[in-house]
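Listed below, chain by chain, are the residues.
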Amino acid sequence: MKRRHPRRGMYVLPSLFTAGNIAAGYYAIAESIRGAAGDPNAFNRASIAIGFAVIFDGIDGRVARMTDTSSDFGREFDSLADVITFGVAPSLLAFLWGVQAVAPSAYPLLQQRVHDLGTVICFLFLICGACRLARFNVSVNPQPGNPGRPGRKYFVGMPIPAGAGVIAAVVHYELGSPIYDLWASVVWLLLIGFTGFLMVSNWRFWSGKEIETGGRMPFQVVVLLCLLIAVIWKFSEYALIAISLGYMVSGLLARIAYGWQRRRRLRAGFGHGG
C-alpha cells in the first residue's frame, strides 16, 4: 500500500479566510494606534475587527475539513495569523485603551507603577496566547486536568480567539471610550491577567466540535442560531460581552464543579474505608 505523504501545499479557499484573519488583525492594530492618538471611535473599530477575525478563524478550519483541503502549510499559516490577530492586536488594544489612556491622578508614582505593570501584563497575555497555540499544535488528543462528560470534546485551556474576544467585547461594550480612572485600569489588568492564565491552564472549555454545520440540523437549532445572530446584530455590545465573559466563566465553573465532586468522592471513599 502506497504511503500517503502529508500535504504541504497552500489551498486557496481556506487560506483566503486565514488571510482575512490577518487583515482584520492588522486593521485592529492600526486602529488601536489611531485611538491612542485621540480618536476613541477607533478603539471600537479595532474591537469589531477582532470580532470579525474570530469568525474568519472559525470558518477557515471548517472549510478546510469540509473540502478536504487541510495541509501542514494551512495549520502553520493559521497559527501565525492567530499570533498576530489574537495575540499582538488585543494586547496592544488592551494597553492603549485601558492603561495608556488613564488621566493624570493625584498619585503619580502609583500611576507610573500601574503603567509599568500594564506593560508587563499585556505582554504576558501575548506570551500566554502564543504558548497556548504552541501547545495546541504539538498535542495529540490532549486531556484536560478536570475531565468532562465522556465522548464530548473539550479544549485544554481557553482558546486564544476566546481570550482576544474577552478584550474586544469589553472595549466594544464601552463603544471605544477608553479607561481614564486609575482604579478601573487596575481592575482591567486583573481581567487581562486572569484571561492569560486561563489560556495556559489545563482546565476544560467547550470546543463546539460536535456541531457539524455541513450536516442536517434540527429546525429548532436553525431558529435559535438565527435568533442569536439577530440579537448580536441589534444589541452587539450587550450580547458579545455576555457571550465572551460567559464562556470565560464556564471554564472556571467547570473547574470548581470538578473539584467539588472530587472532594465528595474522596470523602465517600474514606467513609466506606473507615
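Preceding this paragraph is the structure being described.
Summarised in this report is the structure supplied together with it.

Remarks on the packing of helix H3 (residues 72-100) against helix H5 (residues 160-173)
Link 1 in the chain: Packing of H3 against H5 leaves a shortest axis separation of 9 Å and a crossing angle of 30 degrees. Our classification of the angle between H3 and H5 gives roughly parallel. In terms of crossing hand, the pair formed by H3 and H5 is left-handed. Each of Asp82, Phe86, Gly87, Pro90, Leu93, Ala94 and Trp97 in H3 lies in contact with H5, whose residues at this interface are Ile160, Pro161, Ala164, Ile167, Val170 and Val171.

Quick word on the pattern of salt bridges
Link 1 in the chain: Taken as a whole and assessed by the stated rule, the structure comprises 3 salt bridges.
Link 2 in the chain: Here glutamate 31 makes a salt bridge to arginine 45, at a shortest N to O gap of 2.8 Å. You can see glutamate 31 sitting in helix H1 (residues 12-36) and its partner arginine 45 sitting in helix H2 (residues 40-66), a full 14 residues away along the chain.
Link 3 in the chain: For the salt bridge of aspartate 39 with arginine 45, the shortest nitrogen-to-oxygen distance reads 3.0 Å.
Link 4 in the chain: Given the relative accessible area of 28%, arginine 45 is considered partly exposed.

A look at H2
Link 1 in the chain: Taking 1.5 Å per residue as the helical rise, H2 with its 27 residues ought to reach 39 Å, and the 40 Å between its terminal C-alpha atoms agrees with that figure.
Link 2 in the chain: Listed in full, the buried residues belonging to H2 are Ala42, Phe43, Asn44, Ala46, Ser47, Ala49, Ile50, Ala53, Asp57, Asp60, Val63 and Ala64.
Link 3 in the chain: At its buried positions, H2 is contacted by H1, H3 and H5.
Link 4 in the chain: Remark: aspartate 68 follows H2 within two positions and exhibits a positive phi of approximately 55 degrees.

Focus: the side chain of asparagine 44
Link 1 in the chain: Looking at where asparagine 44 falls in the secondary structure, it is placed in helix H2.
Link 2 in the chain: Judged by relative accessible area, which is 14%, asparagine 44 ranks as buried.

Structural notes on the side chain of serine 236
Link 1 in the chain: Mapped onto the fold, serine 236 is located in helix H8 (residues 236-273).
Link 2 in the chain: Of the residues examined, serine 236 reaches a relative accessible area of 16% and is grouped as buried.
Link 3 in the chain: Engagement of the side chain of serine 236 in a polar contact is seen with the side chain of histidine 172, the distance being 2.8 Å.
Link 4 in the chain: Among residues more than four places away in sequence, those in contact with serine 236 are His172, Val231 and Ile241.

Observations regarding unusual backbone geometry
Link 1 in the chain: Phi angles above zero are rare outside glycine, and leucine 175 is one such case at about 55 degrees.
Link 2 in the chain: Positionally, leucine 175 belongs in the loop between H5 and helix H6 (182-200).

A word on the packing of H1 against H2
Link 1 in the chain: Close contact between H1 and H2 brings their axes to 8 Å; oriented N to C, the two are set at 165 degrees. Classified by the angle between their axes, H1 and H2 sit roughly antiparallel to one another. In this structure, the crossing between H1 and H2 has a hand that is left-handed.
Link 2 in the chain: Considered class by class, the residues forming the contact of H1 with H2 number 17 nonpolar, 5 polar and 5 charged.

Section: a positive patch on the surface
Link 1 in the chain: Where like charges cluster on the molecular surface, the positive patch consists of Arg255, Arg262, Arg263, Arg264, Arg265 and Arg267.
Link 2 in the chain: The topology assignment puts arginine 265 in helix H8.

Procedures and definitions
- Residues numbered from 1 in each chain as written.
- Predicted model: local features only at pLDDT ≥ 70, side-chain atom pairs only at ≥ 80, totals over all residues.
- Heavy atoms only, no water.
- Axes fitted to C-alpha atoms, helices over the stretch in contact; angles between N-to-C directions.
- Helix = DSSP H or I, 4+ residues; strand = E, 2+ residues; numbered from the N terminus.
- Parallel < 35°, antiparallel > 145°, perpendicular 65-115°, else oblique.
- Left-handed = near helix turned anticlockwise from the far one by under 90°.
- Contact = heavy atoms within 4.5 Å.
- Salt bridge = Lys/Arg side-chain N within 4 Å of Asp/Glu carboxyl O.
- Buried < 20%, exposed > 50% of the residue type's maximum accessible area, 1.4 Å probe, protein only.
- Expected span 1.5 Å × (residues − 1).
- Polar contact = N/O pair within 3.5 Å; in protein donor to acceptor, adjacent residues only side chain to side chain.
- Nonpolar A, V, L, I, M, F, W, Y, C, P; charged D, E, K, R; others polar.
- Patch = residues over 30% accessible without salt bridge, like charges linked within 9 Å, V, L, I, M, F, W, Y side chains within 5 Å.
- Areas by Shrake-Rupley, 256 points an atom, 1.4 Å probe, with all protein chains shown as cover.
- Lys, Arg positive; Asp, Glu negative; His and termini not counted.
- Charge placed at Lys NZ, Arg CZ, Asp CG, Glu CD.

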